[in-house]
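# Fold and geometry: a report
Here is how the chains run, residue by residue.
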Amino acid sequence: MPRRFFTFASVAALAAALSLPAWSQVVGKIGVDWIGNDIIVEAVADPAVKGVTCHVTYFDRSMIDRLKNGNWFEDPSNSAISCSQTGPIEIGEIDLSRDGEEVFRQGRSLIWKDLLVKRIYDKTNNALVYLAHSRRIVDGSAKMAISTVPLYGQQVSWTGSKP
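The present account deals with the structure reproduced in this document.

Rules used throughout
- Residues numbered from 1 in each chain as written.
- Predicted model: local features only at pLDDT ≥ 70, side-chain atom pairs only at ≥ 80, totals over all residues.
- Heavy atoms only, no water.
- Helix = DSSP H or I, 4+ residues; strand = E, 2+ residues; numbered from the N terminus.
- Buried < 20%, exposed > 50% of the residue type's maximum accessible area, 1.4 Å probe, protein only.
- Contact = heavy atoms within 4.5 Å.
- Areas by Shrake-Rupley, 256 points an atom, 1.4 Å probe, with all protein chains shown as cover.
- Salt bridge = Lys/Arg side-chain N within 4 Å of Asp/Glu carboxyl O.
- Pairing = 2+ DSSP bridges.
- Core = buried A, V, L, I, M, F, W, Y, C linked by side-chain atoms within 4.5 Å.
- Disulfide = S-S within 2.5 Å.
- Patch = residues over 30% accessible without salt bridge, like charges linked within 9 Å, V, L, I, M, F, W, Y side chains within 5 Å.
- Polar contact = N/O pair within 3.5 Å; in protein donor to acceptor, adjacent residues only side chain to side chain.
- Axes fitted to C-alpha atoms, helices over the stretch in contact; angles between N-to-C directions.

### Some details on the overall build of the chain
The helix and strand inventory of the chain stands at two helices and nine strands. Going residue by residue from the N terminus, the α and β elements of the chain occur as α-β-β-β-α-β-β-β-β-β-β. For the chain, with 163 residues in total, the buried portion stands at 35%. Considering only residue pairs separated by 6 or more positions, the chain has 48% of its internal contacts joining residues 24 or more positions apart. Split by element, the accessible area of the chain, about 10400 Å² in all, is 58% carbon and sulfur.

Shown next, in the form of structure tokens:
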């Protein structure tokens, strides 16, 4: 009985890991002032769309800034995004609804705020739309950025169901 439990738990853990949004890689870190605040640039590969990479930037507060302002556990919601084709495009199973699909999520506070990147397929214009925005549990944020990757004229391979 315990052996079955561990096998089931292993399969469940693997399934959960495969459904997680993409991981990112820091490719740049730019100091913006003398107290140690930085702008971070991360490369995010879309896990369901090979050949598309998004670069997301955000502000990372230093310990000195946190001490000075008294807000220990939160970074600003500001972000920017730029996505482009970085190889042959191969689209797997993606959410084709208007709500889109989460590609990347990163906590921007201890528990209350996330930076998210969502992918939306624009069938009319044959493009992938990537939206970076902040999600807060209590108050929504109007801070957002958008980037599109046109598929028109590109050789695109659909391994999932093509719309």
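### A few points about the pattern of salt bridges
Applying the stated rule across the entire model yields four salt bridges. A salt bridge links lysine 29 to aspartate 38, with the shortest nitrogen-to-oxygen separation between them at 3.8 Å. Of the residues examined, aspartate 38 reaches a relative accessible area of 13% and is grouped as buried. For the salt bridge of glutamate 90 with lysine 50, the shortest nitrogen-to-oxygen distance reads 3.8 Å. Here glutamate 90, found in strand β4 (residues 79–91), pairs with lysine 50, found in strand β3 (residues 49–60); they are 40 residues apart in sequence, far enough to count as distant. For glutamate 90, a relative accessible area of 30% translates into the label partly exposed. Each of Asp46, Glu101 and Arg119 takes part in one network of salt bridges that share partners.

### A look at the pairing of strand β1 (residues 24–31)
Note: β1 against strand β2 (residues 38–45), seven bridges, orientation antiparallel. Within the sheet, the bridge partner assigned to glutamine 25 lies in β2 and is alanine 43. Hairpin geometry of β1 and β2 is characterised by an intervening segment of six residues between the two adjacent antiparallel strands and by a positive phi of about 100° at glycine 36.

### Looking at the nonpolar core
The biggest cluster of nonpolar side chains holds 25 residues, and the ones touching the most others in it are Val49, Ile81, Ile94, Val117, Leu128 and Tyr130. Among the secondary structure elements, those contributing two or more residues to this core are β2, β3, β4, β5 (101–107), β6 (113–122), β7 (127–136) and β8 (144–150). A per-element tally of this core places β3 first, with five residues.

### Observations regarding the state of the cysteines
Per the counting criterion, the structure on display carries one disulfide. Residue pairing for cysteine 54: its cysteine sulfur links by disulfide to cysteine 83, the two sulfurs lying 2.0 Å apart. Across the disulfide from cysteine 54 to cysteine 83, rotation about the S-S bond amounts to roughly 105°, and the bridge is consequently right-handed. Here the residue cysteine 54 occupies a position in strand β3, and cysteine 83 occupies one in strand β4, the gap between them amounting to 29 residues.

### Digging into a nonpolar patch on the surface
Together, Ile30, Val32 and Ile39 give the surface a local cluster of nonpolar side chains, amounting to about 220 Å² of exposed area. Relative accessible area serves as the criterion here: at 44%, isoleucine 30 is assigned to the partly exposed category.

### Observations concerning the side chain of asparagine 37
Within the secondary structure, asparagine 37 sits in the loop between β1 and β2. For asparagine 37, a relative accessible area of 3% corresponds to the buried category. Engagement of the side chain of asparagine 37 in a polar contact is seen with the side chain of aspartate 33, the distance being 2.8 Å.

### Quick notes on the sheet that holds strand β9 (residues 156–158)
Working definition: the strands of a sheet are paired by backbone hydrogen bonds and lie parallel or antiparallel to each other. Spatial ordering of the open sheet is given by β1-β2-β3-β4-β9, a layout of five strands whose pairing is mixed. With one partner strand each, in any of the chains shown, β1 and β9 form the two edges of the open sheet. If you compare each strand with its neighbour and ignore which way they point, the axes differ by 30° on average.

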